[in-house]
Amino acid sequence: MLMNLFKFKGGVKPPTNKTQSLTLPIAQAPLPSRLIVPLHQSIGGMPQPVVQAGDKVLKGQLIGEADGWISSAVHAPTSGTVLEVAMHVQPHPSGLDAMCVVIEPDGKDEWITRETLDYKALKPEEVRERLQQAGVVGLGGAVFPTHGKLTASKTVEMEEMVINGAECEPFITCDDLLMRERAEEVVRGIGIFRDLLQPKKVLIGIEDNKPEAAAAMRAAVDALGESFLVVPVPTLYPAGGAKQLIRVLTGKEVPASKRSTDLGVQCFNVATAYTAWRAIAHGEPVVSRLVTLTGNVGEPRNYEVLIGTPMDELLALAGPKPDTDGIVMGGPMMGFMVPNGSAPVVKATNCLIAHSTKLFPPKAPEMPCIRCGSCAEACPHELQPFEMYWFSRAKNFGKTQEYHIFDCIECGCCSFVCPSRIPLVQYFRFAKSEIWAREREKKAADTAKTRFEFKQLREEREKAEKAEKLAKAAAAQAAKKAAEAAAAAAVSAESAGTEQAASVASTEAPTQTVAVDAEKEAKKAAIAAAMARAKAQREAVQPKNTEALTAAQQHAIDDIESRRSVLAPESQDAAAPGSEKAE
Amino acid sequence: MMFAPAPYLLKDVSVSKVMTQVCLALLPGIAAYVWLIGPAILIQLLLASLTALLAEGLMLRLQGKPLGLFLADGSAIVTAWLIALAFPPLAPWWLIVTGTAFAIVVAKQLYGGLGQNPFNPAMIAFAVCIVAFPALMSQWPPAGLDASFIEQCKVIFGFSPRLDALSGATPLDAMKTGLKLAEGTSSVSHLMANSEIYGQLAGRGWEWVATGYLIGGLWMWHRKLISWHVPTAFIGAILAISGALWVYDPSQFASPIFHLLSGGSMLGAFFIATDPVSGCTTPRGKLIFAAGAGLLAYIIRVFGGYPDGVAFAVLLLNLCAPVIDLLTQPAIFGMKDKS
């Protein structure tokens, strides 16, 4: 059982404040007056609503269909009536609204027919499909669709699977209680992941300030005869960050530029494993989760809460004190103030902290950076936050990228230790969003350019096609006329026997020899037609030398004409189309 | 409505707390100073502090920055104290006022104030004054000075012109000129035995003041106000070069202990080269910065034209700090193997 643990550099030790919410077991939150279920609750495509206002739904019924491979289905958390499918405020720092399905519970909490399955009888892709259909996503807070992480790399062998029970953020205890009270189902869920990924080792990391949870998990592992290792890890924020936990348990460091599977590791949260088990073995999609209610409240406690429960209604269960002035979703290190108390609990909601200025005093005014380097010492990714701050502030975003700003996991350690009280993480988020915005702009500009170039290309092609079509038509016409002329010539040659006429006809309309190379002739005729048109065009714009003639010239021409008509009176008709052509 | 961003929990730290602790760490050295050289230093500390606050206040007002916030950050006081401890204690009052005002106005505020100065302001004050007033800046009283507080005050404020009777060259300066003047005939041990300005290890009294700074510095390291890099590299560099030359010729080169406990070595190692604003910030950069400063300080004080080299050494390395930092960026999480 002895295992060599690794350390990650940096990290901080904020007061944990976990005991408050650990005194009571998990309780079931009562049905709220209505449920506001956002359709977009995971990373990836926005699920499409499959219900509309007035529909009756059952608990667990699909209300939003996964849109694409990285997307996850959404379900009705209880039975009732769909009031509307409309925009509603989200628990998101932006404060923006998003599309939600609003359900009025009928109070019966009536399930759909639940299909219990033995996942071992299913093909891996069927298991993944079911997890996607059941809306199983990473419940540690990142809400990445779980099925998307359950395919092993083809090139790198899966060495370790890390199960995250660290829960390093202060105040939060929902994973702790889940492991204490429902360890067996968590372990069974881990079993599903293990069977899909086939790792050599399964390591369950739990911070050493949760000995009860570790003991419960160990007992469950033993009871189920699994070979998973339950490993207590030192309590140090952010040990529960996936990359930090992977580092501590395996010694592997996953940079931003790589996926953990490239290093043969994959990481799942304990609560995710639990919901995966419920989904597969009990046919229960993710319609509820454990939420810690704590902070400035009379009775901090963990509740099993239906997704979509309005936060203020939920927080009322814990008895917020009168000076509560807001709700923080998540922990105090990475959480955020929800823009509005009516925002619903979502799959990412692990904790609600009633905020008060007594609990979290307002920050001292921001002072200039004195380059003390505390932030660099605290950074678990060994970045130089003060340099990134400097360049973010100067809007020199290229430089921030040279200092690896995208490796920042926004854990807040730097802000926590900064003596100048600089909100460093805010600066980094700003820089990142600016860089993204510029990338988007560039992409848009590139797309526009491509589109314009394509349009030009298409116009040119159309022009060419048109010209070709016209030429073909003219050629066909010409060929037809030539054929007629040839026929006429042949007739006239026969009747008159004039050598001259025949030769004129044969040079100018060589279709006489007929059919064999009709195509060739048609082409030739086309060329001739084109030349004729060109000449006509030229003449249309150029003055003819037969215009504005003097009397003497006119006389001379008439003279010639008269002689011509005398010389070849018969050939006039035959030569007419030919001479027309030749002009 | 604007929401305060995470993290909501914050460590109980602030710039003024950092600066206050630096001042506290100076107290053992100051106590030894007062005990051995006399209370005149307290006058100088007071003068420097008042000048610094006044100059800072004036500059902040001119820039329209919040007075209370920045005056309370304590950075001006730290600069003032370092200037007072670097200047001769019996120098006339206007010297320290000039030096401090220059440090705050030019070296600090004209560059943008707290956190923006490329040079250590206290060392700028020292460098400016030693160039402008070399005689006044190198007159130091010996330990056990039997002049009363009143008498010392009179000297400082110009009512008593008996400066020469009260002070002389610093132990470092006396050593250098002693060895130079009597080239080949005099030795370190001879000089130390025959002059009352020397004690057991270094300058009489000064060795204990330096020890006081050492104690304060170790406390700062214990409190994680400074990392081990700068003091270790600074002291290590002085030890290395002085040790090598001392082994080479102990009669012409003073011992490493003498150099560590003389002049600004200890003050420099723990309080001056550790200034984060003007120094290096990367771990390797700090080592290079401090080692360079220690080496230069020794070279200037032994071979150069000034009695002590810490100020110039630190300023010269301040110049190099940005490029050292740039070249010593540590590898980040997940990017250590350069394969």
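Here's what I pulled together on the structure shown here. (Residues numbered from 1 in each chain as written. Chains lettered and ligands numbered in written order. Predicted model: local features only at pLDDT ≥ 70, side-chain atom pairs only at ≥ 80, totals over all residues. Heavy atoms only, no water.)

1. Considering a nonpolar patch on the surface
All names here are of chain B. Using the following cut-off: A patch is a set of surface residues, each over 30% in relative accessible area and not in a salt bridge, joined within 9 Å for like charges and within 5 Å for the nonpolar side chains Val, Leu, Ile, Met, Phe, Trp and Tyr. Here the accessible surface of atoms and residues is derived via Shrake-Rupley with a 1.4 Å probe, and residues count as covered only by protein chains that are part of the display. A pair is scored as a salt bridge if a Lys or Arg side-chain nitrogen falls within 4 Å of a carboxyl oxygen belonging to Asp or Glu. By definition, any uninterrupted DSSP run of H or I lasting at least four residues is a helix, any uninterrupted run of E lasting at least two residues is a strand, and each is numbered from the N terminus. Residue exposure (1.4 Å probe, protein chains only): buried if accessible area is under 20% of the type maximum, exposed if over 50%, otherwise partly exposed.
Taken together, the side chains of Trp93, Trp94, Phe157 and Phe159 define a hydrophobic patch exposed on the protein surface, amounting to about 440 Å² of accessible area. Positionally, phenylalanine 157 belongs in the loop between α8 (149–156) and α9 (163–166). Residue class for phenylalanine 157 comes out partly exposed when judged on its relative accessible area of 34%.

2. Some points on unusual backbone geometry
With an omega dihedral of 0°, the bond running from tyrosine 237 of chain A to proline 238 of chain A counts as a cis peptide bond. For proline 238 of chain A, the location among the structural elements is in the loop between β11 (229–233) and α4 (242–250). Cis peptide bonds are those with omega within 30 degrees of zero, and the linkage from alanine 6 of chain B to proline 7 of chain B qualifies with -5°. Mapped onto the fold, proline 7 of chain B is located in the segment before α1 (15–37). Here valine 143 of chain A, not a glycine, exhibits a phi torsion of approximately 45°, which is positive. For valine 143 of chain A, the location among the structural elements is in the loop between α1 (124–133) and β9 (160–164). For valine 143 of chain A, a relative accessible area of 9% corresponds to the buried category. In this structure, arginine 421 of chain A is a non-glycine residue whose phi angle is positive, near 55°.

3. So, the pattern of salt bridges
All names here are of chain A. Applying the stated rule across the entire model yields 30 salt bridges over all chains. One salt bridge in this structure joins arginine 278 and glutamate 284, with 2.8 Å as the shortest N-O distance. Pair check on accessibility: arginine 278 and glutamate 284 agree, each one buried. The closest approach of N and O atoms between lysine 455 and glutamate 459, which form a salt bridge, is 4.0 Å. Note that lysine 455 and glutamate 459 are positioned in helix α11 (residues 424–496) at a spacing of four residues, about one turn of the helix. Of the residues examined, glutamate 459 reaches a relative accessible area of 39% and is grouped as partly exposed.

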